[in-house]
Amino acid sequence: MDPLTYGHLFANGLEFRVAQANPGGERGLALLLHGFPELAFSWRFQIPLLADMGYEVWAPDLRGYGESGKPEPISAYDLDHLVADVAALIDLSGRDRVTLVGHDWGGMIAWETAIRRTRPLERLIVMNIPHPACMRRELRRLRQLRRSWYMFFFRIPWLPETMLKARRARAIGRAFERSCVDPSRFPEDVTDVYRAAAVRPRAMESMLNYYRAAFRSRRVSAGEEPAVIETPTLMLWGLQDTALGRETTDGTDRYVRDLTLRFIPSASHWVQQEVPEIVNAMMRAWLDGEVVPEADEIDAPRLPDPAIPV
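Figured I'd write up the structure that's included with this text. Note that the structure is predicted; figures quoted are calculated from it, not measured. (Residues numbered from 1 in each chain as written. Predicted model: local features only at pLDDT ≥ 70, side-chain atom pairs only at ≥ 80, totals over all residues. Heavy atoms only, no water.)

### Topic: the sheet that holds strand E4 (residues 56-60)
No. 1: Pairing is mixed in the open sheet, where eight strands are placed in the order E1-E2-E4-E3-E5-E6-E7-E8. Each edge of the open sheet is held by one strand with a lone partner, namely strand E1 (6-11) and strand E8 (259-264). Averaged over neighbouring strand pairs, the angle between their axes works out to 20 degrees when direction is ignored.
No. 2: Summarising the sheet, strand E7 (residues 233-238) and E8 pair through six bridges and their orientation is parallel. (Pairing = 2+ DSSP bridges. Helix = DSSP H or I, 4+ residues; strand = E, 2+ residues; numbered from the N terminus. Axes fitted to C-alpha atoms, helices over the stretch in contact; angles between N-to-C directions.)

Have a look at this one:
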């Protein structure tokens, strides 16, 4: 049950399925980038918020995901291409005021877009993915290496996709159910959307190629010191993340001039889907130039999931 409204756009030589809302919004473009193994659907709680705040909202299925294009070579999933996708979508929108929002892999692409200054950004919001320099640092430590075992497994040819696609991608549904704090946020109506997308032709291989391409990238392995990000940045972090430890956020302020960091103790890695009330309250305050409340200061009613029939 997918409640979003989609268009199909061509950018950077690929077709993208893009959830769209509030065309012509007076506050500019909010471009939302999802993670693994998600879709634009993962932003279903935030798209109405941003549209209501006056943004034109675009949330693409990233290359390789859902109904978006799925080039075959592993090299097609290198960060250079992923960042170029973002630049091409921004150009296509025709907007000169852009707020970029990313979670997990989408957050990594967002970080890189800001670091490289590929296109001017008005604001940057990143959820549960560390700055690339902090991630490289922590991957040299045993604690994070143990958490990141799956990244190395995903490098193996054909076996990971075979296992993940088995039984109509049952493992994809379990990835949410077993690592979340609140399983009621991930009923079958929700996980079935991700499972159906994962078994589309070439989808799983394409999704895993993000990890394979990253390990081949000279930029990632060389450990280059990145430029300081000048874009005002909000970083939200669910503390119950089983894949990425809180320590991966340490030192982020060294690389971001204007950083606001908020931790959410009750949330897992899937922060924007699991506690959308808290995430949305923090986003609204920050985008409106107000002090961002701490998680325990927010007392908002539970948002109904628009994907679940009432």
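### A look at the pairing of E7
No. 1: The element E7 is largely enclosed, with a buried count of six among its six residues.
No. 2: Alternating positions in E7 separate into two faces, Thr233, Met235 and Trp237 on one and Leu234, Leu236 and Gly238 on the other, with burial throughout. (Buried < 20%, exposed > 50% of the residue type's maximum accessible area, 1.4 Å probe, protein only.)

### Observations regarding unusual backbone geometry
No. 1: Residue Pro37 follows Phe36 across a cis peptide bond; omega there is -5 degrees.
No. 2: Checked against the element boundaries, Pro37 lands in the loop between strand E3 (29-33) and helix H1 (46-52).
No. 3: Notably, Arg167 is not glycine yet its phi reads approximately 55 degrees, a positive angle.
No. 4: Within the secondary structure layout, Arg167 lies in helix H7 (residues 159-179).
No. 5: Take Arg167: its relative accessible area is 63%, and that puts it in the exposed class.

### Points about the pattern of salt bridges
No. 1: According to the stated counting rule, one finds 21 salt bridges in the structure shown.
No. 2: A salt bridge links Asp288 to Arg27, with the shortest nitrogen-to-oxygen separation between them at 2.9 Å. One end of the pair, Asp288, is in the segment after helix H12 (276-287); the other, Arg27, is in the loop between strand E2 (14-21) and E3, and 261 residues separate them in sequence.
No. 3: Relative accessible area serves as the criterion here: at 37%, Asp288 is assigned to the partly exposed category.
No. 4: As a salt-bridge pair, Arg116 and Glu112 come within 2.9 Å of each other at their nearest N and O atoms. In this pair, Arg116 and Glu112 are both assigned in helix H3 (residues 105-116), four residues apart and thus about one turn of the helix distant.
No. 5: Classification of Glu112 by relative accessible area gives buried; the value is 5%.
No. 6: Each of Arg17, Asp61 and Glu67 takes part in a single network of salt bridges with overlapping partners. (Salt bridge = Lys/Arg side-chain N within 4 Å of Asp/Glu carboxyl O.)

### Notes on helix H9 (residues 203-216)
No. 1: Here H9 is 14 residues long and its end C-alpha atoms lie 20 Å apart, about the 20 Å a rise of 1.5 Å per residue gives.
No. 2: Considering bend angle alone, the principal kink of H9 is centred on Asn209 and spans about 30 degrees.
No. 3: In terms of residue burial, H9 counts as a mostly covered element, since ten of its 14 residues are buried.
No. 4: Where H9 is buried, its residues touch helix H2 (79-93), H3, helix H6 (149-153), H7 and helix H8 (188-198). (Expected span 1.5 Å × (residues − 1). Bend = angle between axes of the 7 residues up to and from the residue. Contact = heavy atoms within 4.5 Å.)

### Details of the nonpolar core
No. 1: Counting residues in hydrophobic clusters, the biggest one holds 67 residues, and the most contacted among them are Leu31, Ile109 and Tyr210.
No. 2: Contacts of Tyr210, omitting those with residues within four sequence positions, involve Leu62, Arg63, Tyr65, Tyr77, Leu82, Trp105 and Ile109.
No. 3: Judged by nonpolar contacts, the second largest core, of 33 residues, contains Ala30, Leu49, Val57 and Ile298. (Core = buried A, V, L, I, M, F, W, Y, C linked by side-chain atoms within 4.5 Å.)

### As for the side chain of Asp78
No. 1: Looking at the element boundaries, Asp78 is found in the loop between E4 and H2.
No. 2: One buried charged residue, Asp78, forms no salt bridge at all, with the nearest opposite charge on Arg116 at 5.5 Å.
No. 3: A distance of 2.9 Å separates a polar atom in the side chain of Asp78 from the backbone nitrogen of Asp80.
No. 4: Setting aside anything within four residues of it in sequence, one finds Asp78 in contact with Ala213 and Ser217. (Lys, Arg positive; Asp, Glu negative; His and termini not counted. Polar contact = N/O pair within 3.5 Å; in protein donor to acceptor, adjacent residues only side chain to side chain.)

### Here's the deal with the packing of aromatic side chains
No. 1: Scanning the model with the defined rule gives 17 aromatic pairs in all.
No. 2: Connected via pairs of aromatic rings, a cluster forms that spans Phe36, Tyr65, Tyr77, Trp105, Trp149, Tyr150, Phe153, Phe154, Tyr210 and Tyr211.
No. 3: The ring of Phe263 carries the charged tip of Arg246 above its face, separated from the ring centre by 4.0 Å. (Phe/Tyr/Trp six-rings, centres within 6.5 Å; stacked < 30°, edge-to-face > 60°. Lys NZ or Arg CZ within 6 Å of the ring centre and 35° of its normal.)

### Brief notes about H3
No. 1: For H3, which comprises twelve residues, the first-to-last C-alpha distance of 17 Å matches the rise-based estimate of 16 Å (1.5 Å per residue) to within 8%.
No. 2: Buried residues dominate H3, accounting for eleven of its twelve residues.
No. 3: Along H3, the residues classified as buried are Trp105, Gly106, Gly107, Met108, Ile109, Ala110, Trp111, Glu112, Thr113, Ala114 and Ile115.
No. 4: After H3 finishes, the residue Arg117 shows a positive phi value of roughly 55 degrees.

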